[in-house]
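# Summary of the model geometry
This is what each chain is made of:
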Amino acid sequence: MKSMYPELDLDLSFHPIVCETPRHFTREQIDGYNEQGYITGVPLFEGSELEAVRDFFSRSRKRLTSYDQFQAFHHEIPELYDIVTHPVTTDYLKDLLGPNIICHTSQYIRKQPDPNSSRRTVYHQDATFNPMDARCALVWLAIDEAFVENGCMGFIPGSHRLGVIECEEAGHHIPDAGRYGEVVPIELKPGQAVFFSDLLIHASPPNRTADRPRGGFTATYASADLVPTLGRKKWAVLCCGEDANDNWQVHPRPQ
Ligand SMILES: O=C(O)CCC(=O)C(=O)O
């Protein structure tokens, strides 16, 4: 399979970012996104703001499923709403997606330390999960320090330019992903993020440390002008600008 929605006529090819005058990323970073599919080491949260974010995820552990993750609560939980709509993040995103931006998906994964762990995230492309053209940008925010031994993300640079690749039903796994290039580990300090294309092939290995949890929060963003083609509106949070064509079922900030 190539998409969860084979019945939809989706454009699942990469369209390079055209940004005449980047205001937050540098021109080199935008060119890097087009060439490699990502921009890493972006500082989003620092100081007391970072402490508050880490404290929120620490308090939210009760929400974790048996897979050590929880999904799509950013329209229900004020703290998550505030994280996905934070102006530092959305300012960067404006260079990639334009002035009107929604966030339609989010996910927190806390990889628990376990020297015997086999819990990996298999190689996949996020565009295969979405009922829309491949125009989304993901932001993966490190809640804890993320490094190779505790299961940081691994990217195959340039793989986004291949479009969607045949994958298995289970986890949308791309077998033998190594044939598409060498994996680059994305090591990050808490509060730093990596921005990446929904077509980039990525995965993360198990956390085999004894005592270093690896929490990471991913949010998926798109231009509000992108139309989700499900035959009905998909819910989203409006992060900046407007949804002028009423494409999304926009949720207000939860109280
Ligand atoms: O946090 C992880 O280890 C995996 C996240 C991921 O693959 C994704 O958000 O698409």
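Overview of the structure. Every value quoted in this text rests on a predicted model; they were computed, and no experiment measured them. (Residues numbered from 1 in each chain as written. Predicted model: local features only at pLDDT ≥ 70, side-chain atom pairs only at ≥ 80, totals over all residues.)

## Overview of the overall build of the protein chain
Along the protein chain, the regular secondary structure elements total 4 helices and 12 strands. The C-alpha atoms of the protein chain give a radius of gyration of 17 Å, which matches the 18 Å a tight globule of 255 residues would have. Its C-alpha atoms give the protein chain principal-axis dimensions of about 50 × 45 × 35 Å. A burial count over the protein chain gives 43% of its 255 residues as buried. Considering only contacts in the protein chain between residues 6 or more positions apart, those separated by 24 or more positions represent 83%. (Helix = DSSP H or I, 4+ residues; strand = E, 2+ residues; numbered from the N terminus. Rg over C-alpha atoms; globule rule 2.2 N^0.38 Å. Buried ≥ 20, exposed ≤ 12 C-beta atoms within 10 Å, placed from the backbone. Contact = placed C-beta atoms within 7 Å.)

## As for the site of the ligand
Residues in close proximity to the ligand include Gln107, Ile109, Thr121, Asp126, Met153, His202, Ser204, Gly216 and Thr218, which together make up its full environment. Those elements that place two or more of their residues in the shell around the ligand are strand 3 (101–111), strand 9 (202–204) and strand 10 (214–223). Partitioned by chemical class, the residues of the shell around the ligand number 2 nonpolar, 6 polar and 1 charged. (Near = placed C-beta within 6 Å. Nonpolar A, V, L, I, M, F, W, Y, C, P; charged D, E, K, R; others polar.)

## Description of helix 4 (residues 87–97)
Buried residues dominate helix 4, accounting for 8 of its 11 residues. The set of residues buried in helix 4 consists of Thr89, Thr90, Tyr92, Leu93, Lys94, Asp95, Leu96 and Leu97. Downstream of helix 4 by a residue or two, glycine 98 has a phi angle that is positive, lying close to 90°.

## Examining the sheet that holds strand 6 (residues 153–155)
Spatially, 4-9-6-7 is the arrangement adopted by the 4 strands of the open sheet, whose pairing is antiparallel. The open sheet terminates on both sides in strands that have one partner only, identified here as strand 4 (121–124) and strand 7 (184–186). Averaged over all adjacent pairs, the angle separating strand axes in this sheet is 25°, with direction ignored. Two strands pair when backbone bridges link them, and strand 6 and strand 9 are joined in this way by 2 bridges, in the antiparallel orientation. By the bridge assignment, glycine 154 is partnered in strand 9 with alanine 203. (Pairing = 2+ DSSP bridges. Axes fitted to C-alpha atoms, helices over the stretch in contact; angles between N-to-C directions.)

## Some details on helix 1 (residues 27–36)
Within the sequence span of helix 1, burial applies to Gln29, Tyr33 and Gln36. Viewed along the axis of helix 1, the buried residues span an arc of 100°, placing them on a single side of the element. Every exposed residue of helix 1 that faces more than 90 degrees away from the buried side is listed here: Arg27 and Glu28. Against the buried residues of helix 1 lie strand 1 (38–43) and helix 4. Positioned one or two residues after helix 1, glycine 37 has a phi angle of 95°, which is positive. (Arc of directions from axis to C-beta.)

## So, the nonpolar core
Within the largest apolar cluster, 64 residues are counted, with the highest numbers of intra-cluster contacts made by Ile102, Val194, Phe195 and Tyr221. Looking at this core element by element, the count peaks at 6 residues for strand 5 (residues 137–142). (Core = buried A, V, L, I, M, F, W, Y, C linked by C-beta atoms within 7 Å.)

## Looking at the pairing of strand 10
When a strand is regular, its side chains alternate between the sheet's two faces. Within strand 10, 10 of the 10 residues are buried, which leaves it mostly tucked inside the rest of the structure. As paired elements, strand 3 and strand 10 share 10 bridges and run antiparallel to each other. Residue pairing in the sheet places arginine 110 in a bridge with glycine 215 of strand 10.

## Regarding unusual backbone geometry
Here histidine 172, not a glycine, exhibits a phi torsion of approximately 55°, which is positive. Locating histidine 172 in the fold gives a position in the loop between strand 6 and strand 7. If you check the backbone angles, aspartate 176 has positive phi at about 50° while not being a glycine. In this fold, aspartate 176 is placed in the loop between strand 6 and strand 7.

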